[in-house]
Amino acid sequence: MEYEAVIGMEVHVQLLTKSKMFCSCSAETFGAEPNTLVCPVCLGMPGTLPVINRKAVEYTIMTGLALNCQIAEFAKFDRKNYFYPDLPKGYQISQYDLPLCFNGWLDIEVDGQIRRIRIRRVHLEEDTAKLFHFGDYTLIDFNRAGVPLMEIVSEPDIRSPEEARQYLIKLRTILRYLGVSTADMEKGAMRCEANVSLRPKGSSELGTRVEIKNINSFRFVKQALEYEIERQKRLLEQGKKVEQITVGWDEEKGTTVIQRTKEYAHDYRYFPEPDLPPLVISREWVERIKASLPELPDAKSERFQSQYGLSPSEARTITVEKEAADFFEACVSLYPNPRKLFHWITGEIFRLLGETGSTFDSLKFSPESFIKLINLVDKGTINQNTAKSILREMFSTGEDPEKIVEKKGLALIADEAALIKVIEEVLEANPDALERYLGGKESTFGFFMGQVMKATGGRADPNLASKLLREKLAQLKNR
Amino acid sequence: MAITREEVEHIAELAKLYLTEEEKEKMQRQLSAILDYFAMLQEIDTSLIPPTATVLPLRNVMREDTPAPSFDRDKILANAPQKVEGYVKVKVVLE
Ligand SMILES: [Zn+2]
């Protein structure tokens, strides 16, 4: 029997606010000394009163709008009760039945096909403390406790591990465009859980779901889902039942492992948070937030197709990162040849970024400086290959391309006398080849050109050198 | 009894309480009495009344996103039974 995977995703995103969700401790916890960004509110001391961070609510509404959600008119917070040392209060303030955003969707593209993934809800909660497990004890750093955390829950509309990966990539792109999160999975700013079940292809019933927790990279999402789908398929083919379990992804072993969850599964006993009055979200507020949204990746991609004549896949490539799209546009405004710039940027700059594992926002040179380089090629001062090596240097030092050309003497030799001298030397050094040429073997011309380029370290202006070589050979032939 | 012995044990486990057999018995009796009392409220027709999330007349109490200094770490850790290099130390939570 052929099976089909049914996958839903829950993605937790740390919001880029300056302060925490319910107190004014700094939310910029990365690299901070343990337990230095903590106060009685985020520690849940008796008698303290949490107050909602307006920015976090706005960021969540922004995200909801970008994901085509409806925005609640009335929302509230609830207590999710469980005991674990990463939760100082014994409950997490979250949203249960009245989330800020609901009923949205996100389009992804897999194998040239657009797939619409419905978004069930986007809600706001607080992050937990960080635990460090050692042999027989655990250390706790409460800095992260209370940092705004947004949860984005999809409907089980995802059908393959690759779709899951594309969904996450698209989500990250949108979150970064909005500027609401770094969405950096490696640093834990975006964390993902997936639930997956199998069913006979074409069937509409749902199989038993297995939850996969702790997936912290795009690669692992795919690997973990592939592994889990394979495992369930084998069970079903053997006529066995899939049990409803929670597993974690063990990246070292490359397998999923069962997690013990009986202590705090299912029974969270949610109830309305009595310390936080509900939110009535006016349509004026939503409209204001809507008006402040930046151009989103899909819209930008479409505009790049119509405005700059890029193909759909080219437009997507350049708009995945907002910084890349901005750089491209800034370049086009200085040098109106989008196709050429697209190839330079996605070819050379993307490669340099890939080699060094860096991103566009850390680029050391400006669009102006990059266009100077392209102009140097156009004017014939340098050739394409020299330009690539200059770009490499600009990439590591940020230096001006004209200065690099000057400093390193990289300009093409366009001096006729100098080139004639080189040509004469080449012909003198290769009398046999010259004889063959004069005897009618014209293809030897390419050999001489190669020698001229070699003698000049590739810096001979190719058009001029070719013209001068032709003239010189014609002279010798007619003599 | 409105509540079973198993439910009492389950709730105790969620609350991380370890009850003796007598305590379980006592809890079952007391919790049942409370639930019976609340059962009287169930008789009222509330189908036309929206659920109450709060009894306060307040709405939209929010603060601006402005960070302020946190507490001294010494104060924060003062109640921790054990601490190591600025961390709170507890017995292992994952076996
Ligand atoms: Zn705090």
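Residues numbered from 1 in each chain as written. Chains lettered and ligands numbered in written order. Predicted model: local features only at pLDDT ≥ 70, side-chain atom pairs only at ≥ 80, totals over all residues. Heavy atoms only, no water.

Asks: Explain the coordination of the zinc ion to me, and be specific about the residues and the numbers.
Replies: All names here are of chain A. The protein atoms donating to the zinc ion are C23 (SG), C25 (SG), C39 (SG) and C42 (SG), with metal-donor distances spanning 2.3 to 2.4 Å. What the four donor atoms of the zinc ion show is an angle range of 99 to 116 degrees at the metal, which sorts the shape as tetrahedral. Mapping the donors of the zinc ion onto the primary sequence gives the spacing C-x1-C-x13-C-x2-C. Placement of C25 in the loop between β1 (3-14) and β2 (52-53) and of C39 in the loop between β1 and β2 is noted, with a sequence separation of 14 residues between them. (Donors = N, O, S within 2.8 Å, 3.2 Å for Na, K, Ca; no water. Tetrahedral: all angles 85-135°; square planar, octahedral: opposite > 155°, others 65-115°. Helix = DSSP H or I, 4+ residues; strand = E, 2+ residues; numbered from the N terminus.)

Asks: Explain the sheet that holds strand β16 (residues 271-272) of chain A to me, and be specific about the residues and the numbers.
Replies: Hydrogen bonds between backbone atoms are what pair the strands of a sheet, whose relative direction is either parallel or antiparallel. All names here are of chain A. An order of β6-β5-β16 is seen for the three strands of this open sheet, with the pairing classed as antiparallel. Both outer strands of the open sheet, β6 (91-94) and β16, are each paired with one neighbouring strand and no more. Pairing geometry for strand β5 (residues 78-81) and β6, over four bridges, is antiparallel. Each bridged residue has a counterpart across the sheet, and for R79 the counterpart in β6 is I93. (Pairing = 2+ DSSP bridges.)

Asks: Give a description of the domain arrangement of chain A that names residues and reports values.
Replies: Splitting chain A by domain gives domain 1 (3-289), domain 2 (294-408) and domain 3 (416-477). Summarising the inter-unit geometry, the C-alpha centres of domain 1 of chain A and domain 3 of chain A are found 68 Å apart. (Domains from an automatic or database assignment.)

Asks: An account of the interface of chain B and chain A is needed here, citing residue identities and associated values.
Replies: Of the residues lining the interface, 37 residues belong to chain B; the matching set on chain A comes to 55 residues. With both chains or domains summed, chain B and chain A bury close to 3,900 Å², and 61% of this area falls on carbon and sulfur atoms. Counting across the chain B and chain A interface gives one salt bridge. A salt bridge links R54(A) to E64(B), with the nearest nitrogen and oxygen atoms 3.0 Å apart. The tally of links from chain B across to chain A stands at 22 residue pairs in polar contact (both at pLDDT 80 or more). Secondary structure elements with two or more residues in the side of chain B that touches chain A: α1 (5-14), β1 (62-63), α3 (73-77) and β3 (87-91) of chain B. Per-element accounting of the side of chain B that touches chain A gives the leading share, five residues, to β3(B). When the residues that make up the side of chain B that touches chain A are grouped by side-chain class, the tally is 19 nonpolar, seven polar and eleven charged. (Contact = heavy atoms within 4.5 Å. Buried area = accessible area lost by both parts, 1.4 Å probe. Salt bridge = Lys/Arg side-chain N within 4 Å of Asp/Glu carboxyl O. Polar contact = N/O pair within 3.5 Å; in protein donor to acceptor, adjacent residues only side chain to side chain. Nonpolar A, V, L, I, M, F, W, Y, C, P; charged D, E, K, R; others polar.)

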